[in-house]
Amino acid sequence: EKGNHRHFMEKEIYEQPEVVSHTLAHYVDFTAGKVRNIAPDLNFSAIDSIKIAACGTAFYAGQIGKYWLERYARLPVEIDVASEFRYREMPLPGNQAALFVSQSGETADTLASLRYCKEHGLKIGAIVNVRESTIAREADVVFPTLAGPEIGVASTKAFTCQLATFAALAIAAGRARGTLIADEEANMVRALSEAPRIASSVLNTIQPQLENLSRELSRYRNVLYLGRGTNYTLAMEGALKLKEISYIHAEGYAAGELKHGPIALIDENMPVIVIAPYDRHYEKTMSNMQEVAARGGRIIFVTDENGAAAATLDTMATITLPNVDELMMPLIFTLPIQLIAYHTAVFMGTDVDQPRNLAKSVTVE
Ligand code: F6R
């Protein structure tokens, strides 16, 4: 079943172009250059805000969804990890909707958060991978991710399919709320349509670089990940992946928070993975990299072609991805992040598909 892959996780990483393409096709009419009418029941134009709750990697997908819904649909989003959400006793005025994100559709805390919102009369949407799951059954509107069964405990293809779904939702919401005009929608749809092909070319070319880097990384006990905007979320997602399968301690930080604490940790034993494409955050993140370099920190720079050309610092490694549209960046930049964790774990000799102490579906709190 793993085909010619050593682990399910590797197979699932390489399946992403295909399953993201299926998921996008479900939500987007590429010929018309439009997102389909996917959420009439959520009525994006009638709500004032959205609550999102999820756990782990699904939470990080939700966080990127928040950035997109706020930016493209001007819809305020509050997101929380479900284990906090369910107990906060927050007020829930009726002019909001709630969205829950879950691969398995069975995560106990996410389900409890859903039920809390339902009791308060909110309209419930769920982004789920397992169609017959409890969360799917209890939601008013189901947004399926078409990732297929995910076997590896560390979530990879479910995450990118969740991102694809959020991108479509943000466009649908932007159209409903009048914040995106047809031309903008058509441009975003075109960008999304190119994502699977670019993902596949990235997966086919970066492996050798990442293997060398991962061999190096497996010698360290701690790794710091930095990014801004949606790459801040990818920094946290990258740290989660690395810690759960390689057992190397890792943390993801907003690059702007570096000087508020974590910079104290920087020395030659703390590699820092900086995720910084050439976007509106690039210059700021560059100066954070300089702060790391000045303290002897070893930098692994994950960037795009423009970013690599503009860089002036010595790095331990630079992973260069193609220049892509901003909307597509998280879908593409997550690939080297997943593969770094994967190959590092392989070098460490851990059980990649069944990491210690972890279960695929967390049905107890
Ligand atoms: C991380 C990972 C977990 C899950 C989390 C939520 O790689 O797999 O953090 O993302 O347990 O699970 P679901 O999405 O099934 O609710």
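Residues numbered from 1 in each chain as written. Predicted model: local features only at pLDDT ≥ 70, side-chain atom pairs only at ≥ 80, totals over all residues. Heavy atoms only, no water.

- The name given to the chain in an unreviewed UniProt entry is Glutamine--fructose-6-phosphate aminotransferase [isomerizing], and the organism recorded there is Hoeflea poritis.
- Per UniProt, the comment on the chain under Catalytic activity (unreviewed entry) is "D-fructose 6-phosphate + L-glutamine = D-glucosamine 6-phosphate + L-glutamate".
- Taken verbatim from the UniProt record of the chain, the Subunit (unreviewed entry) comment is "Homodimer." (UniProt positions renumbered as here; feature names shortened; annotations may be inferred.)

## Side note on the sheet that holds strand E11 (residues 299–304)
Inference 1: Taken in spatial order, the 5 strands line up as E9-E8-E10-E11-E12 in an open sheet, and their pairing is parallel. Bordering the open sheet on either side are strand E9 (249–254) and strand E12 (317–321), each of which pairs with just one other strand. Taking each pair of neighbouring strands and ignoring which way they run, the sheet shows an average axis angle of 15 degrees.
Inference 2: Two strands pair when backbone bridges link them, and strand E10 (residues 272–275) and E11 are joined in this way by 4 bridges, in the parallel orientation. In the strand pairing of E11, Ile273 is matched with Ile300.
Inference 3: Along the sheet face, helix H9 (residues 207–217) touches strand E8 (222–227), E10, E11 and E12 and points at about 145 degrees away from the line of E12. (Pairing = 2+ DSSP bridges. Helix = DSSP H or I, 4+ residues; strand = E, 2+ residues; numbered from the N terminus. Axes fitted to C-alpha atoms, helices over the stretch in contact; angles between N-to-C directions. Contact = heavy atoms within 4.5 Å.)

## Overview of the pairing of strand E6 (residues 123–128)
Inference 1: Counting buried positions along E6 yields 5 of 6 residues, so the element is predominantly enclosed.
Inference 2: With 6 bridges joining them, strand E5 (residues 96–102) and E6 adopt parallel strand pairing. Along E6, the bridge assignment pairs Ala97 with Lys123.
Inference 3: Between the parallel elements E5 and E6, the chain passes through helix H5 (residues 108–119) in a crossover that is right-handed.
Inference 4: Strand direction decides the pairing type here: E6 and strand E7 (residues 141–144), joined by 4 bridges, are parallel. Paired with Val128 across the bridge in E7 is Pro144. (Buried < 20%, exposed > 50% of the residue type's maximum accessible area, 1.4 Å probe, protein only. Right-handed = clockwise from strand over helix to strand, strands pointing away.)

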